[in-house]
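# Residue-level structure breakdown
These are the residues of each chain, in order.
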Amino acid sequence: MKIKQDSGSVFIKVISYICITIFALFCVFPFALMISSSFMNEQEIVREGYKLIPNEVSFKAYELLLSNSSKLVDAYQVTIFITVVGTVLGLFMMSMAGFVLNRKDFKYRNFFSFLIYFTTLFSGGLIPTYILMVKHLHMKDNLFAMILPAVVGAWSIFLMRNFMKAIPDSLYESATIDGAGDFRIYWRIFMPLAVPSLATIGLFSALGFWNEWYNGMLYMDSPTKFPLQYFLQRMINQANMGSLINSGAVINTADLPTQSIKMATAVLATGPIILLYPFIQRYFVTGLTVGAVKG
Amino acid sequence: MARFVHAGGNIVRELFKNKVLYLMLLPVIVYFAVFHYAVMPGAYVAFVDYKLNKGIFGSDFIGLKNFEFLVQTGELWNITKNTLLYNLVFLALGNIIQIVFAIMLSEITGKWFKKISQSVILLPNFISMVIVGVFAYNLFNFNSGFINTIISGAGLDRYEFYNDPGIWKYIIVAFKIWAGTGYGMIVYLAAITGINHDLYEAAYMDGATTWQRIRYMTLPILKPTFILLLLFGMGGILKGSFDLFYNLIGTNSVLYPQTDIIDTYVFRSLVGQFNFSMGAAVGFYQSLFGLVLVLVVNFIVRKVEPDSALF
């Protein structure tokens, strides 16, 4: 049925289009500014400041970054490593837990669920965690210090568990009668069916690891172990660029395009997400909706 | 818990019978045991005069001295006030804006416009707060920031944003809302699309205008979701957003009076001053306060809407 338009509804529609367009422009504006500033030449930035449309396009910042890139490459490697290992490990652990915690024949499932849930209410806090990590687990400067604390999320486990509920018990019963063990049921029956929720949780978890900087800042000492975002943060806060890109003898640090290099690094650190975004965006929307409904 | 104590021999039998299931659960249990439960007794560090070489339980017990000091210096009051106020504004203003945008988006009929604007508004949700910090630098820095470019282009004097604590309240709130609107908008949009369409058609037949439909149907239907999100948000009201604050403010102490929150204070007492006990005292206070709030909020929710209570 077509709903006829009264004048009020046309007004609301027009307002909606205008407000959403303005807000959407606000959302892309900083990205656009960052990208265009990375292509500005240093003199222009110093003289006129960051601009949306540079007078002339310069690739100097990228050239310098890419030709002296070993630190950037290190940071990329660290980030890719923690993203892949963290996501795979986390998905494996969380899906197994979700599988077990929804098994009706698992006697203590409520007890274990509560143990997990309670950690979202009360935590020891940053400083005891830091002491544990550094003094007792000896994790200082170990790449796993950026993976382990974030590998599992309580809500993600519950999301997995809720997803399990949608799978009929009879499927397990018949598999058990056919002689399949618990792990085989999990791996061969549950996992293929759980692909949508694995994808959603996996994407969120991967994004979390990609954006990781905090544990890197707390626990990493050697610059070769800094994740990408922390590398970027140091670069932004540091006046002396030479210490971050491998200047060597070739570059005179005085002429380094400090400002545009900051922006070019930011672009490279954001890049993969911006490039992948159109493809993964629809999963996020479904994932968010599922997450919201399931609490 | 009680069942565990009484079960005795049954536990061994149960463990053996379901050994594969226990093994599958084991990694997650170990994770929570180590990274959450093992840490909890460590909160005791708040009650000692922590010396690195003596360890948490070897250091001298000084009771509530750390807390007393924090109260006396007024630090605890200032960071609690800032944290509470910021989070209240984030919660209230954030949710209202999310609802308004969700309703506006649901009124829009252009399919492509809807899809693209939704994606664009969601985009800030996926970048790291470090990048948000870069954006702030890009916009507000004194010599080359975009806003100062415009100001000086208009013939006015450049403005030293990084020297004015007052203005950062607004900048922080703006960035928080900027980053969070897309997510919340989709949550509310899902609730709106879940509304039975027959209801709207019936309202139309009765001659309701779009405005009346929004006012008397959509808003009341969203109200419970709004109240719930608000109530649940209250539980975490002393936590969070460290990322945002640290990346926007960093170590610029000029801005602290109006921008220091509990998390940034605890972080500094760890990294800047190595004052473990003082920081832990604040952290403990935060966790305890948060726990009490969650319990109170859950109690209220259970009274009002029993189905929506957390436990």
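Cut-offs used in this document
- Every chain's residues receive numbers from 1 upward, in the order its sequence appears when written.
- Just so you know, chain letters begin at A and ligand numbers begin at 1, following the order they were written in.
- Note on the predicted model: pLDDT of at least 70 is required for a residue's local features to be given, and 80 or more for side-chain atom pairs to be given and counted; whole-chain, interface and lining totals, by contrast, use all residues.
- Excluding hydrogens and water, the side-chain values take into account all heavy atoms of the structure.
- UniProt positions are given in the numbering used here, feature names are shortened, and annotations may be inferred rather than shown by experiment.
- Each helix corresponds to a stretch of at least 4 residues labelled H or I by DSSP, and each strand to a stretch of at least 2 residues labelled E; elements are numbered beginning at the N terminus.
- Any residue under 20% of the maximum accessible area for its type is buried, any over 50% is exposed, and the rest in between are partly exposed; the area is computed with a 1.4 Å probe on protein chains only.
- Throughout, a residue-residue contact means that at least one pair of heavy atoms, one from each residue, lies within 4.5 Å.
- Remark: nonpolar core denotes a set of buried residues (Ala, Val, Leu, Ile, Met, Phe, Trp, Tyr, Cys) joined through side-chain atoms within 4.5 Å.
- Geometry of aromatic contacts follows a simple scheme: Phe, Tyr and Trp rings, the Trp one being its six-membered ring, pair when their centres are within 6.5 Å, and the pair is stacked under 30 degrees between planes, edge-to-face over 60, tilted otherwise.
- Put simply, a charge is over a ring when the Lys NZ or the Arg CZ is close to the ring centre, within 6 Å, and near the line of the ring normal, within 35 degrees.
- Put simply, buried area is how much 1.4 Å-probe accessible surface two parts lose in total, over both of them, once they are put together.
- Salt bridges are defined by distance alone: a side-chain nitrogen of Lys or Arg within 4 Å of a carboxyl oxygen of Asp or Glu.
- By the criterion applied in these results, polar contacts are pairs of N or O atoms within 3.5 Å in which, for protein atoms, one can donate a hydrogen and the other can accept it, and in which residues neighboring in sequence qualify only through two side-chain atoms.
- Basically, the charged four are Asp, Glu, Lys and Arg, the nonpolar ten are Ala, Val, Leu, Ile, Met, Phe, Trp, Tyr, Cys and Pro, and anything else, Gly included, counts as polar.
- Geometry is summarised by axes, namely lines fitted to C-alpha atoms with helices restricted to the contacting stretch, and by angles between N-to-C directions that run from 0 to 180 degrees.
- An angle below 35 degrees is read as roughly parallel, one above 145 as roughly antiparallel, one from 65 to 115 as roughly perpendicular, and any other as oblique.
- With the far helix as reference, a near helix turned anticlockwise by less than a right angle produces a left-handed crossing, and one turned clockwise produces a right-handed crossing.

The name given to chain A in an unreviewed UniProt entry is Sugar ABC transporter permease, with the source organism recorded as Paenibacillus borealis. Annotation of chain A in UniProt includes, under Subcellular location (unreviewed entry), the sentence "Cell membrane". Turning to chain A, the UniProt annotation filed under Sequence similarities (unreviewed entry) states: "Belongs to the binding-protein-dependent transport system permease family."

This next bit is on the overall build of chain A. When helices and strands are tallied, chain A shows 14 helices and zero strands. Reading the helices (α) and strands (β) of chain A from amino to carboxyl end gives α-α-α-α-α-α-α-α-α-α-α-α-α-α. For chain A, the proportion of its 295 residues judged to be buried stands at 53%. In chain A, of all internal contacts separated by at least 6 residues, the share reaching a separation of at least 24 is 71%.

Our focus in this paragraph is the nonpolar core. Of all hydrophobic cores here, the largest spans 178 residues; its most connected members are A:Phe99, A:Val152, A:Ile157, A:Phe190, B:Phe175, B:Trp178 and B:Leu248. Sort the elements by how many residues they give to this core and helix H9 (residues 165-193) of chain B lands first, with 13 residues.

The subject of this paragraph is the packing of aromatic side chains. For the coordinates displayed, the defined rule picks out 55 aromatic pairs over all chains. Aromatic pair B:Tyr86 and B:Phe245: ring centres 4.9 Å apart, planes at 80°, arrangement edge-to-face. One end of the pair, B:Tyr86, is in helix H5 (residues 75-107); the other, B:Phe245, is in helix H12 (residues 242-249), and 159 residues separate them in sequence. Among the residues examined, B:Phe245 registers a relative accessible area of 2% and is labelled buried. An aromatic cluster is built from A:Phe92, A:Phe99, A:Tyr172, A:Phe183, A:Tyr186, A:Trp187 and A:Phe190, whose rings are joined through pairwise contacts. Of note, B:Arg213 hangs over the ring of B:Tyr200, and the distance from its end group to the ring centre comes to 4.9 Å.

Counting residues at the interface gives 99 residues for chain A, matched by 95 residues for chain B. Of the roughly 9,000 Å² buried between chain A and chain B on both sides combined, carbon and sulfur atoms contribute 78%. Run the count over chain A and chain B and you get zero salt bridges. One can count 16 residue pairs in polar contact (both at pLDDT 80 or more) joining chain A with chain B. With 20 residues, the single largest contributor to the side of chain A that touches chain B is helix H1 (residues 7-38) of chain A. By residue class, the composition of the side of chain A that touches chain B is 70 nonpolar, 18 polar and 11 charged.

Residue and element names in this part refer to chain B. As a packed pair, H9 and helix H11 (residues 210-235) sit with axes 10 Å apart at the nearest point and diverge in direction by 140°. What the angle tells us is that H9 and H11 run oblique. Crossing of H9 over H11 shows right-handed handedness. Contacts between H9 and H11 involve Tyr188, Ala191 and Ile192 from the former and Thr218, Leu222, Thr225, Phe226 and Leu229 from the latter. Across the contact of H9 with H11, the residue classes break down as six nonpolar, two polar and no charged.

With that settled, the discussion passes to the packing of H11(B) against helix H15 (residues 276-304) of chain B. Think of two packed helices as two axes; the pair is described by the angle between the axes and how far apart they sit. All names here are of chain B. Relative orientation of the contacting elements H11 and H15 amounts to 155°, with a least axis distance of 7 Å. As summarised for this structure, H11 and H15 are arranged roughly antiparallel, according to the angle between their axes. Contacts from Leu228, Leu231, Phe232, Met234 and Gly235 in H11 reach Gly290, Leu293, Val294, Val297 and Val301 in H15. Classifying every residue of the contact of H11 with H15 gives eight nonpolar, two polar and no charged.

It is worth spelling out the pattern of salt bridges at this point. All names here are of chain A. Inspection of every chain in the model, using the stated rule, returns 12 salt bridges over all chains. Salt-bridge contacts for aspartate 221 lead to lysine 140; the nearest nitrogen and oxygen are separated by 3.8 Å. Here lysine 140 lies in the loop between helix H6 (126-136) and helix H7 (144-147) and aspartate 221 lies in the loop between helix H12 (214-219) and helix H13 (228-237), a separation of 81 residues in the sequence. Accessibility expressed as a relative area gives 45% for aspartate 221, which makes it partly exposed.

Now for unusual backbone geometry. Residues and elements named next belong to chain A. A positive phi angle, close to 50°, is found at histidine 138, a residue other than glycine. Its location among the elements puts histidine 138 in the loop between H6 and H7. Even without being a glycine, aspartate 141 presents a positive backbone phi close to 65°. With respect to the helices and strands, aspartate 141 occurs in the loop between H6 and H7. Aspartate 141 gets classed as buried once you look at its relative accessible area, which sits at 19%.

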